[in-house]
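# Structural characterization, general
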Amino acid sequence: MSATPTVLSQPAQPTLRIEAPRGWIHVDLKELWDARELLYFFVWRDVKIRYKQTAIGAAWAVLQPLMTMLVFSLFFGKLAKIPSHGLPYPIFYYSALLPWMYFSGALQNATNVVVEQQRVITKVYFPRLVLPLSAVVAGLLDFAIAFGAFLVMMLYYRIVPGPAILLFPLFLLLAVLTALGAGLWLSALNAIYRDVRYVVPFLVQFWMFASPVAYPSSLVPEQWRWVYGLNPMAGVIEGFRWSLTGQGQPPNILLAVSSTMVLLLVAGGTAYFTRMEGTIADVV
Amino acid sequence: MSDVVIHVDSLGKRYRIGERERYLALRDVLTRAIKAPARFFTAAKSASPCNGNGYGNRSHIWALKDVSFDIRQGEVVGIIGRNGAGKSTLLKILARVTKPTRGHADIRGRMGTLLEVGTGFHPELSGRENVFLSGAILGMSKDEIRRKFDEIVDFAEVEKFIDTPLKHYSTGMQMRLAFAVAAHLEPEILLVDEVLSVGDIEFQKKCLGKMGDVAKSGRTILFVSHQMNQVRRLCDRAVWVDGGQIRQQGSVAPVLGAYEEAMSRGEVAVDQSRGARSSHQKASFRRWQIIEPQGDSQNLLFTLGPVVIQFSVEANRPISNARHGIALFNVDRQLMWAWEATGLDLGPGMHEFRFKFPVLPLRPGPYYWQVSLWDDIEQIDLWDCIPEMVIATEGYQHPSDEWNGILNVPCEFAALEGNRNEEVTISNF
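Residues numbered from 1 in each chain as written. Chains lettered and ligands numbered in written order. Predicted model: local features only at pLDDT ≥ 70, side-chain atom pairs only at ≥ 80, totals over all residues.

## Remarks on the overall build of chain B
Counting its secondary structure elements, chain B contains ten helices and 20 strands. Sorting the 429 residues of chain B into buried and exposed places 38% on the buried side. In chain B, the proportion of contacts linking residues at least 24 apart, taken out of those at least 6 apart, comes to 72%. (Helix = DSSP H or I, 4+ residues; strand = E, 2+ residues; numbered from the N terminus. Buried ≥ 20, exposed ≤ 12 C-beta atoms within 10 Å, placed from the backbone. Contact = placed C-beta atoms within 7 Å.)

Below, the structure is given as structure tokens:
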């Protein structure tokens, strides 16, 4: 063993105080920033394990939205004749399934992540927010793969997105934040009430029908559009369709209401999660 | 007092009874809320962690109360005490895994914690990938791990298998790799929980050596152990935790002396969490005792056998076709013996499970019983019995320490000479 003498860094060490949780919340952003490498490792592990465990690996990320798109195109499109802004049904559905599949997957992973990582949580400290964050970020790889398939479809149907495509990153960010906001709530709840994860699949199913995945939001009467926007995914999905295909109207009201909701969801979720953080190691 | 790196001031940790009984189900909480809304809300209020209403509250357990001490830079401090005394709770608070209910602790310097060997390991990933993952979780940066990677693999002696998934490793190899990662953390303060008691003797020696190196390089170590010889070898100071409080602290020799004396007197500590177990569990173990030979101590054995041990179980509901598991561990958490009784039908009320052992040939020292009760599907109760069983018989062993085995077997030796009937016998008992 070459015991390399390490020089102890002496410059006035900041003192860390450990005490009972008091007051409402405080999120230590610096600490979170310092944990970015750990976030990277958690994401990297998630991705590695997922692709090691499923035989078809990356193909799964495409097959899922593709099959759903086929079913939707056939039943909602060809049979129920739902309007599609003049878009071919495959494009109409796939452009909505992209954010939806990402969202539902990320949400379910985020819900389970704290419970799955209970051994680590009870043995070592790190900012717990990294866990739901990693679940939400890891889903982006599947999203990217599914997005590749979308580009092929766009080429096939010869659809060129308009200037609205510039706003696409914003809608993607909104999707990530929605998954994070809801995921923060659910992962903390799931750690404390272990049956929450059985409720989540139903929640996701209902949520899908409350979002413009299988139909355009133009079916919702104008005066109720803002209520509809309270579901953040409504703004996200319409935003995806509009920015990717250039068809339809920019989802102005929807987007304004949805963005506000997302911010509230994330702020509330962070507050709840950090508040429960202290209790989580005692109950998991 | 600028060189104090850990300052602990009247630290306390309270658990609500039932909180240790794992998680709740939302459906239970909802039904409770619907059945008795008023009680639900008052209960929710008293559960808030900031509502300190004194140590006397009966629905709470203080796993730790009023603990204060200072640790200076470069000190190696051993935390000793019996199982359930609060050592691990103390370490967990300092490691920030759980939060204290009262008091505070100030920590100066980068802290590394080693509460478990192999934190964050995943069986599907290769050894190499696990080194990075575990290292990151323990607080190392990617560059740091990359820099020390060869050294870690070298220490663990797993070069050949470094790209094989961990699930194909033997337990020993996994342990070596896990410890190697942790040993190469270079924090200024290191918290270590009983992890050196895993693995084979050779490896333990190697780890202990590494810890010694770390200590010599001027870093501060806080070290929980059951093995007094390890504490003696490594530590300058010892803190004895008993019943959630500090019983004694100071230089190693006097504290360990007092602790060992108390142990051999068979002082009995009560497992608080048992007496007050909540009644919504189907059944729970209440206490254990030595029935035979009868003595003045409940947990002290002066004989190799015959021995009768009794475990008391209280059933709240009838249980049919239950299984009862029993296991005996030594201080190193090595399994000495285990067994299972099946097909038990228990009515409500107290039950005594009695085990008669013609011999229990164990070397002197503390041992731990672990008992469990299962029905068809689930575990009803599992108890790491408190107090530990202390075997205080004579040692019938080789005179030098390194030849002392796990068993303590009296024997009679005879050397027979030619065809003469006369024998030369030596007996060790």
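## Describing the sheet that holds strand β2 (residues 60-72) of chain B
Neighbouring strands of a sheet are bound in pairs by backbone hydrogen bonds; such pairs are parallel or else antiparallel. On the basis of which strands lie adjacent, the open sheet formed by four strands has the order β1(A)-β4(B)-β1(B)-β2(B) and antiparallel pairing. The outermost strands of the open sheet, each flanked by one partner alone, are β1 (15-19) of chain A together with β2 of chain B. Between one strand axis and the next, the sheet turns through 20 degrees on average, direction left out of account. Summarising the sheet, strand β1 (residues 4-16) of chain B and strand β4 (residues 102-108) of chain B pair through five bridges and their orientation is antiparallel. When the bridges of β4 of chain B are listed, Asp9 of chain B appears paired with His104 of chain B. Lying on the sheet, helix α3 (residues 87-94) of chain B is in contact with β1 of chain A together with β1, β2 and β4 of chain B; it crosses β2 of chain B at an angle near 65 degrees. (Pairing = 2+ DSSP bridges. Axes fitted to C-alpha atoms, helices over the stretch in contact; angles between N-to-C directions.)

## Considering the interface of chain B and chain A
Of the residues lining the interface, 47 residues belong to chain B; the matching set on chain A comes to 37 residues. Secondary-structure elements contributing two or more residues to the side of chain B that touches chain A are α1 (26-35), α3, β4, α4 (127-138) and α7 (201-216) of chain B. Residues of the side of chain B that touches chain A, tallied by class, amount to 21 nonpolar, eleven polar and 15 charged. In this structure, β1 of chain A lies alongside β4 of chain B, joined through five bridges in antiparallel fashion. Considered in β4 of chain B, the bridge of Ile18 of chain A is made with Ala105 of chain B. (Nonpolar A, V, L, I, M, F, W, Y, C, P; charged D, E, K, R; others polar.)

## Observations regarding unusual backbone geometry
In most cases, non-glycine residues show a negative phi, while peptide bonds are predominantly trans. The step from Glu292 of chain B to Pro293 of chain B runs through a cis peptide bond, and the omega angle for that step is 0 degrees. Mapped onto the elements of the fold, Pro293 of chain B is located in the loop between β10 (283-292) and β11 (300-301). Omega for the bond connecting Gly305 of chain B with Pro306 of chain B falls within 30 degrees of zero, at -5 degrees, which places this linkage in the cis form. With a phi close to 50 degrees, Arg158 of chain A is a non-glycine residue in the positive phi region. Relative to the helices and strands, Arg158 of chain A resides in the loop between α6 (130-157) and α7 (168-192). A positive phi angle, near 55 degrees, is found at Asn321 of chain B, a position not held by glycine.

## Overview of the sheet that holds β10 of chain B
Residues and elements named next belong to chain B. The sheet built from three strands is open, its strands ordered β10-β12-β15 with antiparallel pairing. Each end of this open sheet is capped by a strand with a single partner; those strands are β10 and β15 (349-357). Adjacent strand axes in the sheet meet at a mean angle of 20 degrees when their direction is disregarded. Pairing geometry for strand β12 (residues 307-315) and β15, over nine bridges, is antiparallel. Directly across from Ile309, in β15, lies its bridge partner Phe355.

## Structural notes on the nonpolar core
One finds Ala179 of chain A together with Phe223 and Ala238 of chain B to be the most contacted residues of the largest nonpolar core, which totals 181 residues. Residue contributions to this core reach at least three from each of two domains, namely domain 1 (4-13 + 59-264) and domain 3 (272-391) of chain B. (Core = buried A, V, L, I, M, F, W, Y, C linked by C-beta atoms within 7 Å. Domains from an automatic or database assignment.)

## Overview of helix α11 (residues 252-283) of chain A
With 32 residues, α11 of chain A ought to run about 46 Å at 1.5 Å a step, and its terminal C-alpha atoms sit 44 Å apart, in line with that. Along its length, α11 of chain A reaches its greatest deviation from straightness, about 50 degrees, at Glu277 of chain A. (Expected span 1.5 Å × (residues − 1). Bend = angle between axes of the 7 residues up to and from the residue.)

## Here's the deal with the environment of Phe132 of chain B
Tracing the backbone shows Phe132 of chain B in helix α4. With residues up to four places along the chain from it excluded, the contact list for Phe132 of chain B reads Phe41 of chain A together with Ile145 of chain B.

## Quick look at the pairing of strand β13 (residues 319-330) of chain B
Residues and elements named next belong to chain B. Sheet analysis places β13 next to strand β14 (residues 335-346), joined by eight bridges and oriented antiparallel. Bridge pairing in β14 links Ile326 to Trp339. The turn linking β13 back onto β14 is made up of four residues, and Arg333 within it adopts a positive phi angle of 65 degrees. Relative to strand β16 (residues 365-374), β13 runs antiparallel, the two being bridged by eight bridges. Bridging across to β16, Ile326 finds its partner in Val371.

## Things to note about the packing of α7 of chain A against α11 of chain A
Residue and element names in this part refer to chain A. Interaxial distance between α7 and α11 falls to 8 Å at its minimum, and their mutual angle equals 30 degrees. As far as their axial angle goes, α11 and α7 are roughly parallel. For the pair α7 and α11, the crossing hand works out as left-handed. In this structure, α7 uses Leu174, Leu177, Thr178, Leu180, Gly181, Ala182, Leu184, Trp185, Ala188, Ala191 and Ile192 to contact α11, whose residues at the interface are Ser258, Ser259, Val262, Leu265, Val266, Gly269, Thr270, Tyr272, Phe273, Met276, Ile280 and Val283. Here the residues of the contact of α7 with α11 sort into 17 nonpolar, six polar and no charged. (Parallel < 35°, antiparallel > 145°, perpendicular 65-115°, else oblique. Left-handed = near helix turned anticlockwise from the far one by under 90°.)

## Thoughts on helix α10 (residues 232-245) of chain A
Residue and element names in this part refer to chain A. In this model α10 runs 20 Å from its N-terminal to its C-terminal C-alpha over 14 residues, within 8% of the 20 Å that 1.5 Å per residue would give. Burial analysis of α10 places 14 of its 14 residues in the buried class, the great majority of the element. Following α10 by one or two positions, Gly246 adopts a phi angle in the positive range, close to 75 degrees.

## A closer look at the packing of helix α4 (residues 89-116) of chain A against α6 of chain A
All names here are of chain A. Where α4 meets α6, the closest approach of the two axes is 8 Å, and the angle between their N-to-C directions is 165 degrees. Judged by the angle between their axes, α4 and α6 are roughly antiparallel. As α4 packs across α6, the resulting crossing turns out to be right-handed. When the residues that make up the contact of α4 with α6 are grouped by side-chain class, the tally is 21 nonpolar, four polar and one charged.

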